[in-house]
Amino acid sequence: MKCTGFVRLALLALALPVVAQAAEPAEDFRMRANARALQAISADDVRVEIEFGRDVAARVLARHALLEDERLNRYVNLVGKTLAAHSTRPELEYRFGVIGGDFANAYSAPGGYVFVTRGALLAMQDEAELAAVLAHEIAHVSQRHIVKALNLQAHESGGATGMAQMLGMKGGTARAAFQQAVDEAVEMLFEQGYRQQDELEADLVALLNLAAAGYDPAALGRYLGRIEAQEPASMTGERSTHPPSEERRAAITSVSEEEGLSALQLARARDRFEAHVKKD
Amino acid sequence: MRRTFLTMALLTPLLASGGEPLYLQAASAQLLEQPRFGAQTVAVIQKGESLEPTGESGRWRRVVHQGREGWLPGLLLGDRPPLGEVSVLDGRSVDLEQQARRRPSGTAGVAAARGLRDDARNRLSNDVRADYGALQRMEHIHVSASDLRRFMEERDQ
């Protein structure tokens, strides 16, 4: 099995507390140094990530048209930017758009581009549920799931990213390599979906993001439960790239109980949601 | 098992410990008296402020900020100051029209060169359109800091 950046990071995270107590100091130092190298992202890395994300986002918009509803798009941006202000990638300007599609789904591209379908909005009952879906997508960006899945993350040596190296190449080879990565990202969004472990991580990060931003964290479980009830479990392809699974909802319940999130009385903002999302 | 692994991987601090400073990565966050949401707020921390780590509990880190001790979600902390906002939209050198024109042949060539599965190649060859006009409209949706602050305040009234 391919050892992705996230898995390496996760293994390192698990190993650190043990290493700190039991291993040789030199080994401890090396592992900590590697962990920090993975965290180091330069402004140039971010620029390339945004350029890459723009290409992916343009593909998403060619497939599902941006809704020409300025008031609705602005509202979704206000909700999304509220969450982004309480997230962990301050170097990114997140941008949100409502796209066509009568099915309930949402997508995100590296660099901060987030999309939610009109069908998803129609399936929601309040602003907290919209925030939950956007927070999940923001988490895919903040945790750099696509970048890591395509092995485009910063190298442990601290050198340029795979994407930056592509842009640094000359001529058609560089363009081809870059477009190949864009193709793979688009296929991941519309066909394969994220890895289950990335979906679980995005849910976990979203719950914490919702609570930090003052939205009811239970909205995520409520929305997923409703979608699961509406869509047949056998559905495959684009409509089900975020399969609401028993494992996901169990993880959400578990984290919510551990953190006392279910006891919080935070905003649902149903009236404001209904004022902006017309369902007739 | 996988859930436990993920939770630990995400929230076990890779971050500095034993005196090395931590930095808030979010725009702002409440320093809480207890390691749980809903606890009393001790102070409000702003992005990039330096914090001294003094302990941890589950997903939370205990830190000292300007002499006041409290708890923050470990997820919001990093061992480096956060980057300033990065943009490619001001003075970018990428020609969007040229980018759009080159896409079909470039994509098909790459697909062939890589030996992609036939179904994947067919799908890619049919999916080479890109709508940069819509992308730019999306990028032009502007929300000012004051609009955002007012939006948050209205929700909580």
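Below you will find a few notes about this structure.

Rules behind the numbers
- Residues numbered from 1 in each chain as written.
- Chains lettered and ligands numbered in written order.
- Predicted model: local features only at pLDDT ≥ 70, side-chain atom pairs only at ≥ 80, totals over all residues.
- Heavy atoms only, no water.
- Helix = DSSP H or I, 4+ residues; strand = E, 2+ residues; numbered from the N terminus.
- Buried < 20%, exposed > 50% of the residue type's maximum accessible area, 1.4 Å probe, protein only.
- Contact = heavy atoms within 4.5 Å.
- Areas by Shrake-Rupley, 256 points an atom, 1.4 Å probe, with all protein chains shown as cover.
- Pairing = 2+ DSSP bridges.
- Axes fitted to C-alpha atoms, helices over the stretch in contact; angles between N-to-C directions.
- Salt bridge = Lys/Arg side-chain N within 4 Å of Asp/Glu carboxyl O.
- 1 Å grid on protein atoms, 1.4 Å probe; cavity = no way out; pocket = protein on both sides within 12 Å on 5 of 7 lines; lining within 4 Å.
- Points joined across faces, edges and corners; volume = space filled by probe spheres on them.
- Nonpolar A, V, L, I, M, F, W, Y, C, P; charged D, E, K, R; others polar.
- Phe/Tyr/Trp six-rings, centres within 6.5 Å; stacked < 30°, edge-to-face > 60°.
- Lys NZ or Arg CZ within 6 Å of the ring centre and 35° of its normal.
- Parallel < 35°, antiparallel > 145°, perpendicular 65-115°, else oblique.
- Left-handed = near helix turned anticlockwise from the far one by under 90°.

Tallying secondary structure elements over chain B gives five helices and seven strands in all. Starting at the N terminus, the α and β elements of chain B follow one another as α-β-β-β-β-β-β-β-α-α-α-α. Within chain B, the proportion of its 157 residues that are buried is 42%. In chain B, once contacts between residues fewer than 6 apart in sequence are set aside, the share between residues at least 24 apart is 53%. Surface exposure of chain B reaches about 8,500 Å², of which carbon and sulfur atoms provide 45%.

Let us now look at the overall build of chain A. Within chain A, the regular secondary structure consists of 13 helices and three strands. Taken across its 280 residues, chain A has 63% of its residues classed as buried. For chain A, the proportion of contacts with a sequence separation of at least 24, taken over those separated by at least 6, is 73%. When the accessible surface of chain A is summed, it comes to about 10,100 Å², and 53% of that surface belongs to carbon and sulfur atoms.

With that settled, consider unusual backbone geometry. Phi at A:R144 takes a positive value of approximately 55 degrees, unusual for a residue other than glycine. Note on placement: A:R144 falls in the loop between α6 (127-142) and α7 (145-149). Of the residues examined, A:R144 reaches a relative accessible area of 6% and is grouped as buried. At B:Q66, a residue that is not glycine, the phi angle is positive and equals roughly 50 degrees. Among the structural elements, B:Q66 can be located in the loop between β5 (60-65) and β6 (68-73).

Glancing now at the sheet that holds strand β1 (residues 95-99) of chain A. Residues and elements named next belong to chain A. Taken together, three strands build an open sheet; the order of strands is β1-β3-β2 and the sheet is mixed. With one partner strand each, in any of the chains shown, β1 and β2 (106-109) form the two edges of the open sheet. Ignoring which end each strand starts from, the neighbouring axes of this sheet average 20 degrees apart. Looking at chain direction, β2 and strand β3 (residues 113-117) are connected through four bridges and run antiparallel. From the neighbouring strand, S108 faces β3, where its bridge partner is V114. Contacts from helix α4 (residues 70-84) reach β1 and β3, with the element oriented near 135 degrees to β1. Each of β1, β2 and β3 is contacted by α6, which is oriented at about 30 degrees to β2, the strand it contacts most.

All names here are of chain A. Its place among the elements puts A206 in helix α10 (residues 196-213). Taking the C-alpha atoms as reference points, A206 and Q196, ten residues apart in sequence, are found 15 Å from one another. Among residues more than four places away in sequence, those in contact with A206 are A132, A135, H136, A139 and L220.

A few words on the pattern of salt bridges. Oppositely charged side chains can pair when the atoms bearing their charge come close. Residues and elements named next belong to chain A. For the structure shown, the criterion picks out 27 salt bridges over all chains. Between R226 and E129 there is a salt bridge, and its shortest N-O distance comes to 2.6 Å. Of this pair, R226 sits in helix α11 (residues 218-230) while E129 sits in helix α6, placing them 97 residues apart in sequence. This pair shows no difference in class: R226 is buried, exactly as E129 is. Across the pair R249 and E228 runs a salt bridge, and its minimum N-O distance is 2.5 Å. Taken together, the positions of R249 in helix α12 (residues 246-258) and E228 in helix α11 put the pair 21 residues apart, joining distant regions of the chain.

Another aspect to go through is the layout of surface pockets. Empty space among the atoms becomes visible once a probe the size of a water molecule is rolled across them. Size it by volume and the largest pocket reaches roughly 1,100 Å³. Lining the largest pocket are 42 residues, with A:A85, A:H86, B:A27, B:S28 and B:M152 sitting closest to its centre. Elements with a minimum of two residues in the lining of the largest pocket: α4 and α10 of chain A together with β2 (28-32), β6 and α5 (145-156) of chain B. With seven residues, α5(B) is the single largest residue contributor to the lining of the largest pocket. Counted by class, the lining of the largest pocket contains 25 nonpolar, eight polar and nine charged residues.

Applying the stated rule across the entire model yields five aromatic pairs over all chains. Measuring from ring centre to ring centre gives 5.0 Å for B:F37 and B:W60, while their planes differ by 65 degrees; the resulting arrangement is edge-to-face. Of this pair, B:F37 sits in the loop between β2 and β3 (41-46) while B:W60 sits in strand β5, and the two are 23 residues apart along the sequence. Exposure class is identical for B:F37 and B:W60. Each is buried. The ring centre of A:Y215 lies 4.3 Å from the NZ or CZ of B:R155, which sits over that ring.

All names here are of chain A. The interhelical angle for the contact between α6 and α10, taken along N-to-C directions, is 125 degrees, at an axis separation of 8 Å. Classified by the interaxial angle, the pair formed by α6 and α10 is oblique. The hand of the α6/α10 crossing is right-handed. Residue-level inspection shows A128, A131, A132, A135, H136, I138, A139, H140 and S142 of α6 in contact with α10, the latter providing D198, E199, A202, D203, V205, A206, N209 and L210. In terms of residue class, the contact of α6 with α10 is made up of ten nonpolar, four polar and three charged.

Below, the discussion takes up the environment of A:I138. Residues and elements named next belong to chain A. Within the element layout of this structure, I138 appears in helix α6. For I138, a relative accessible area of 1% translates into the label buried. Distance in space between the C-alpha atoms of I138 and A206 is 7.8 Å, their sequence separation being 68 residues.

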